[in-house]
Amino acid sequence: MKKILLLLLCLGCLNLKADDNAKKLIRELNKKFTLLNDYSADLYMKFNIPGVKMNNMRGKVFFKKPNKFRIRTKGIFFLPKQNPMQNISNMFLDTTAYTTVISGYEMIDNRNCAVINMIPLKSDNELILGKFWVDIANPLILKTQITTKNNGTIETRNFFGDMIQYALPSKIIIEVEMNKMKVPKMMAMDLKKKSTDKPAGNQKEKGSIELNFSSFKINTKIPDQVFTEKDEQ
Amino acid sequence: MKSFIAILNNELYKTMKRPRTYIGFGVIIFICAMLQAAFYHDGKEILSFVTQQLDMVFNVQGNILNGNLICFILLQTLIVQMPLLVALVTGDSVSGETASGTIRFLLTTPASRTKIILAKWLSGLFYTLVLLILLGIMALVVSRLIFGVGDLMAVNSDTLTIIRSDDLTWRWGYAFLIAFLSLGVVASLAQTLSCFIDNSITPIVSVMAIIIIFTIIGMFDLPSFDLIKPFLFTTHMISWKSLFEDPIPVKEIYFSCAVLLAHIILLLSISIYYFKRKDILT
Amino acid sequence: MSFAISLQNVTKKFNDFVAVDNLNLTVNRGDIYGFLGPNGSGKSTTLRMIMGLISPTTGNISLFGTALSENRSEIMRKVGCIIEKPDFYTYLTAHENLKLFARAHQLHYTESQYQDLYQLVGLYKREQGKVKTFSHGMKQRLGLAQALLHNPEMIILDEPNTGLDPQGIIDLRKLIMQLNAERGMTVLFSSHILTEVQEICNHMIVINKGKTIAQGNVQQLISSESLHVNLEVVDRPRALAFIQQSPWVSKLQQEINKTEQVIHFQMAKDEIPLLVQQLSAHNIDILSIDYRNQLEEYFLKITHS
């Protein structure tokens, strides 16, 4: 019995230690986030969405604290409903709304990462669970996995370049899970293609969007109307 | 050549003076306006039927409901109705004159029967072209004015293809050319039947019956139909859509154009051969 | 001298039905040629073959010395026609219809030339009316204008009097005679009414069931030198007995129906009074006498058959 109590105490201490480490890492990250008030950058997007064929496109991205975000481009493009570029820094800055805990350690790109789980304290939060792979040596989020109530799970891989000091990645690959796309043959009016595929049903497929950033401009006091003006077509 | 131009001129004059010619123009304008109004009010709901799986995961950014998409939908919808409008005029070209007796008026001029049938065929193609140009103006130009210009989200059998707006003009050009080729087959078929039949209505009804039967064959994925499907002109009537795929299936498009052209040449040859030997008994 | 029309052994079959059977026909330039036959005799089929609307099954057709199959275009420049009935584009005006026809002939007429033509056929100031508002008679006049538009060397008219009022028929007859006399125009004129042909034609052919019944100069065919005389008597055997012993026997025709009271002769018109006189002298009572020329006789046979 004593042994069991001793084991539980040790585990509890370890857990407290992990919680502390998570907070420490978040603090380190937040330091970088707080340096950033706004940014703009050139954007190059690559889409690999099942059932959707589209060319890569160029655009410009704008961000302003706390959560103003906009991609200005000419034409149609897709972004996940749970936009990681818009929300993650807010989640980290708002330390009171989430419980954070390190659930383990993993190597990503030969870098030792702590896996920080973020669980919202309030049940009405859209987020169910946020998992962040944070580089321990130089606190940067290398990977995220966000599970929400309505929009499923989105995985993000971040690759860093010049803007490490602001924790801004130069490349983000967003992976989403979605139902297989299927347009009824009658609607597509396609007599040439054979519809040999079985009905889509709930068959899940993975899609990805790659965002490449360059020519960052940091803290240039971007006016608010940039986020409200209409897109040119 | 001068005599041929004179005959062609006559055929065009008659086509443009006939009241039924304007039925086609009226129908195109009416259908386009009706669908444009419907999309103006309920377009987003209609579109959500196609994009519902995407909408679950993504925010689709940009103006999807633009003039290019409306044109795509209109062309896809009207390619089914337009053969009727084309047949209404071309299916009557010989049979109507036979029924009314004016064929005697034509065939007692110095023009040869070959020239007469060629002039009628060209006049039918000209009418088809005018019909398509009107559709182009209504579907593309007017839709762009109402809904704006933007990337095209083309709906194919199992994919949505997003084509950038600056990459669309040449595709529309070729799409309308292929649509013209498709309707050229309909015009040629209608004229050929018109040579064989001596009343106005039967060739028109026959053309529509043939299109309906061939389209139904095309709809079913049955092994016995697979052999004939590639050679049915209806299979290739929607080949213009291939221009909005990525990558463009160039070989498929060439094959479709070849099949359509072969149909036109064959049908025209049959009509010339038969018409040259036809006894005018009415 | 080349013929305006020459048909040699022309036959037209529609499956098993023989519409025209081994027809030979020559129309000289400058003739007004009557083409006579009851309805369904093969007149329209023949005229259609001459105009290239129907191909003959066998035989040769030449116009102005040229085979129709060789140079149809050139021949059509020399021929105007109304076949069956004049049909026009009803949604166009008379003037627009004629302009179409003129364009097909590559003719560039002035408005006054058109007006002259309208005056000639009696359509003056009616030319701007839509053809759908025209009576059959007016369409016939327009048909004539179309046939004459390119100033042809020959016109072929298929029953042109149909639908015309009496004045119209007289006008047309005058016009045909005038065109023939003033321009030397050859006219091929079909009809099923004998008197029409007799009045204006100088040559004619009679056909029935696709076959030629009679052909030749109208004057000869209607000559009073060889009339068909039908004599109706009270006592036919007695009359025949007298005739058998008299020189009149050479004029006697083969008896058609012995049960009739009629005796048939072929003789000149001025011989009839002498025959009547001799029969009366032998107390043979005559009930009636009628006589027809050859053409009338042929036509009557056709009509009866």
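The numbering scheme is per chain: residues are counted from 1 as the chain's sequence reads. To label them, take the chains in the order written and letter them from A, then take the ligands in the order written and number them from 1. Local features are withheld for residues below a pLDDT of 70 in this predicted model, meaning they are given only at 70 or higher, and side-chain atom pairs are given and counted only at 80 or more; totals for whole chains, interfaces and linings count all residues.

1. A word on the overall build of chain C
Quick reminder of the rule: The helix and strand labels rest on DSSP assignments: H or I over at least four residues marks a helix, E over at least two residues marks a strand, and numbering proceeds from the N terminus. Exposure is read from a count of other C-beta atoms within 10 Å of each residue's own; the residue is exposed at 12 or fewer, buried at 20 or more and partly exposed in between. C-beta atoms are placed from the backbone. Residues are scored as being in contact if the C-beta atoms we place from backbone atoms lie within 7 Å.
Of the regular secondary structure elements, chain C holds 11 helices and 13 strands. Its C-alpha atoms give chain C principal-axis dimensions of about 75 × 40 × 35 Å. Counting the 305 residues in chain C, one finds 39% classified as buried. Counting contacts in chain C only where the partners sit at least 6 residues apart, residues at least 24 apart contribute 71% of the total.

2. Focus on the sheet that holds strand β2 (residues 52-54) of chain A
Strands pair in a sheet through their backbones, by hydrogen bonds, and they do so in one of two ways: parallel or antiparallel. Heads up, the rule is: The pairing criterion for strands is at least two bridges between them, as found by DSSP. Axes here mean lines fitted to C-alpha atoms, for a helix over just the part in contact, with angles spanning 0 to 180 degrees between N-to-C directions.
Taken together, the three strands give an open sheet; going across it, the order is β2(A)-β3(B)-β2(B), and neighbouring strands pair in mixed fashion. Single-partner strands in this sheet number two, and they are β2 of chain A together with β2 (152-155) of chain B. Each neighbouring strand pair of the sheet contributes to a mean axis angle of 20°, computed without reference to strand direction. Pairing between β2 of chain A and strand β3 (residues 160-163) of chain B: three bridges, direction parallel. Paired with V52 of chain A across the strands is L160 of chain B, a residue of β3 of chain B.

3. What to know about the interface of chain B and chain C
Heads up, the rule is: Each residue receives one of three labels: charged for Asp, Glu, Lys and Arg, nonpolar for Ala, Val, Leu, Ile, Met, Phe, Trp, Tyr, Cys and Pro, and polar for the others, Gly being one of them.
Counting from both sides, the interface comprises 25 residues of chain B and, opposite them, 24 residues of chain C. Looking at the side of chain B that touches chain C, the elements that each hand over two or more residues are α1 (2-17) and α5 (102-107) of chain B. Among the elements that take part in the side of chain B that touches chain C, α1 of chain B stands out by supplying nine residues, more than any other. Grouping the amino acids of the side of chain B that touches chain C by side-chain chemistry returns nine nonpolar, nine polar and seven charged.

4. Quick notes on the sheet that holds strand β2 (residues 17-28) of chain C
All names here are of chain C. If you walk across this open sheet you meet the four strands as β2-β1-β4-β5, and the pairing is antiparallel. In the strand order of this sheet, the two ends are held by β2 and β5 (66-67), each with one partner. Here strand β4 (residues 58-63) pairs with β5 via two bridges, running antiparallel. Along β5, the bridge assignment pairs L63 with T66.

5. Regarding helix α5 (residues 136-148) of chain C
Residues and elements named next belong to chain C. Convention followed: The span expected for a helix works out to 1.5 Å for each residue beyond the first.
A rise of 1.5 Å per residue sets the reference length of α5, with its 13 residues, at 18 Å; its end C-alpha atoms lie 18 Å apart and thus fit the reference within 8%. The buried fraction of α5 amounts to 10 of the 13 residues, a majority that puts the element mostly inside the structure. The set of residues buried in α5 consists of M138, K139, Q140, R141, L142, G143, L144, A145, Q146 and A147. Looking at the buried side of α5, the elements it contacts are β6 (79-82), α3 (94-104), α4 (111-121) and β7 (154-158).

6. Here we look at the domain arrangement of chain C
Residues and elements named next belong to chain C. Defined as follows: Where each domain starts and ends follows an automatic or database-derived domain assignment.
Annotation of chain C at the domain level lists domain 1 (3-221) and domain 2 (227-304). For domain 1 and domain 2, the distance between their C-alpha centres works out to 40 Å. Across the boundary between the two partners, domain 1 contributes nine residues, which contact eight residues of domain 2. Of all the elements in the fold, those that place two or more residues in the side of domain 1 that touches domain 2 are α7 (194-200), β9 (203-208) and β10 (211-217). Its residues placed into classes, the side of domain 1 that touches domain 2 shows seven nonpolar, two polar and no charged.

7. Notes on the arrangement of the chains
Looking across the two pairs of chains in contact, one finds the most contacts between chains A and B. As for chain C relative to chain A, no contact occurs, and the smallest C-alpha gap between them is 40 Å.

8. Details of the packing of helix α3 (residues 67-90) of chain B against helix α6 (residues 113-147) of chain B
Residue and element names in this part refer to chain B. For clarity, the cut-off: Reported orientations rely on four angle classes, namely roughly parallel under 35 degrees, roughly antiparallel over 145, roughly perpendicular from 65 to 115, and oblique for the rest. Working rule for handedness: look at the near helix, and if it is turned counterclockwise from the far one by less than a right angle, call the crossing left-handed; if clockwise, right-handed.
Running from amino to carboxyl end, α3 crosses α6 at an angle of 155°, the nearest separation of the two axes being 10 Å. Between α3 and α6, the crossing angle belongs to the class labelled roughly antiparallel. Our pair here, α3 against α6, has a crossing hand that is right-handed. Touching G67, I70, C71, L74, L75, L78, M82, L85, V86, V89 and T90 of α3 are G124, Y127, T128, L131, L135, A139, L140, S143, R144, I146 and F147, all from α6. Class assignment for the residues of the contact of α3 with α6 results in 16 nonpolar, five polar and one charged.

9. Quick word on the packing of helix α2 (residues 21-55) of chain B against α6 of chain B
All names here are of chain B. Interhelical geometry of α2 versus α6 gives an angle of 20° and a closest axis separation of 10 Å. In this view, α2 runs roughly parallel relative to α6, as classed from their interaxial angle. Judged by the twist between their axes, the crossing of α2 over α6 is right-handed. On the side of α2, the interface is formed by T21, G24, F25, I28, I29, C32, Q36 and Y40, while α6 contributes Y127, L131, L134, L135, M138, A139, V142, S143 and I146. The residue makeup of the contact of α2 with α6, split by class, is 13 nonpolar, four polar and no charged.

10. Brief notes about the confidence of the model for chain A
Worth spelling out the cut-off: By definition, pLDDT measures how confident the predictor is in each residue, and it falls between 0 and 100.
Here chain A averages 77 in pLDDT, while 74% of its residues score no lower than 70. Considering each helix and strand of chain A separately, the mean pLDDT is smallest for helix α3 (residues 185-188) of chain A, with a value of 52, and largest for strand β1 (residues 38-48) of chain A, with 91.

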